Amino acid sequence: QVQLVESGGGLVQPGGSLRLSCAASGSIFSIYGMGWYRQAPGKQRELVATIGSGGNTNYADSVKGRLTISRDNAKNTGYLQMDNLNSEDTAIYYCNARVKSRSLGPIRDYWGQGTQVTVSS
């Protein structure tokens, strides 16, 4: 079993910054893609950004140039640096990781419990 624990959420003023972390633990042979998703009240969960095992990244158009995804493979941890935040970024942010627990095992998707980000003056 694999656990993902997010941290770093909170209340920030418009134009401010936050850094989210996602620490993976448990039975981990290899982590493939990692990603951040968010869900605002009354809306569906949406993709924010993803990063592959080789470092290739993908972003939603709404966050390009403001949010930066990264990962530390040695620590099994992913990050989301969030700059120049605005009220539309208010949501619960979820971490996702695609993990293989054994060398010949399947790749499975895991999700964190979510961390609240609120942008308000």
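Anything mentioned here points back to the structure above.
Throughout what follows, the structure given in this document is the object of discussion. (Residues numbered from 1 in each chain as written. Predicted model: local features only at pLDDT ≥ 70, side-chain atom pairs only at ≥ 80, totals over all residues. Heavy atoms only, no water.)

Considerations on the nonpolar core
One finds Leu4, Trp36, Val48, Leu80, Met82 and Tyr93 to be the most contacted residues of the largest nonpolar core, which totals 30 residues. Elements with a minimum of two residues in this core: strand S1 (2-7), strand S3 (18-26), strand S4 (30-39), strand S5 (46-51), strand S7 (67-72), strand S8 (77-82), strand S9 (91-100) and strand S11 (115-119). With residues up to four places along the chain from it excluded, the contact list for Met82 reads Gly16, Ser17, Leu18, Leu20, Arg66, Leu67, Tyr93 and Val117. (Core = buried A, V, L, I, M, F, W, Y, C linked by side-chain atoms within 4.5 Å. Buried < 20%, exposed > 50% of the residue type's maximum accessible area, 1.4 Å probe, protein only. Helix = DSSP H or I, 4+ residues; strand = E, 2+ residues; numbered from the N terminus. Contact = heavy atoms within 4.5 Å.)

As for the environment of Ile69
Summarising the element assignment, Ile69 is placed in strand S7. Residue Ile69 is classed as buried on the basis of its relative accessible area, which comes to 5%. Counting along the chain gives 18 residues from Ile69 to Ile51, while the straight-line C-alpha distance between them is 6.8 Å. With near-sequence residues (within four places) excluded, Ile69 lies in contact with Met34, Gly35, Trp36, Ala49, Thr50, Ile51, Thr57, Tyr59, Tyr79 and Leu80.

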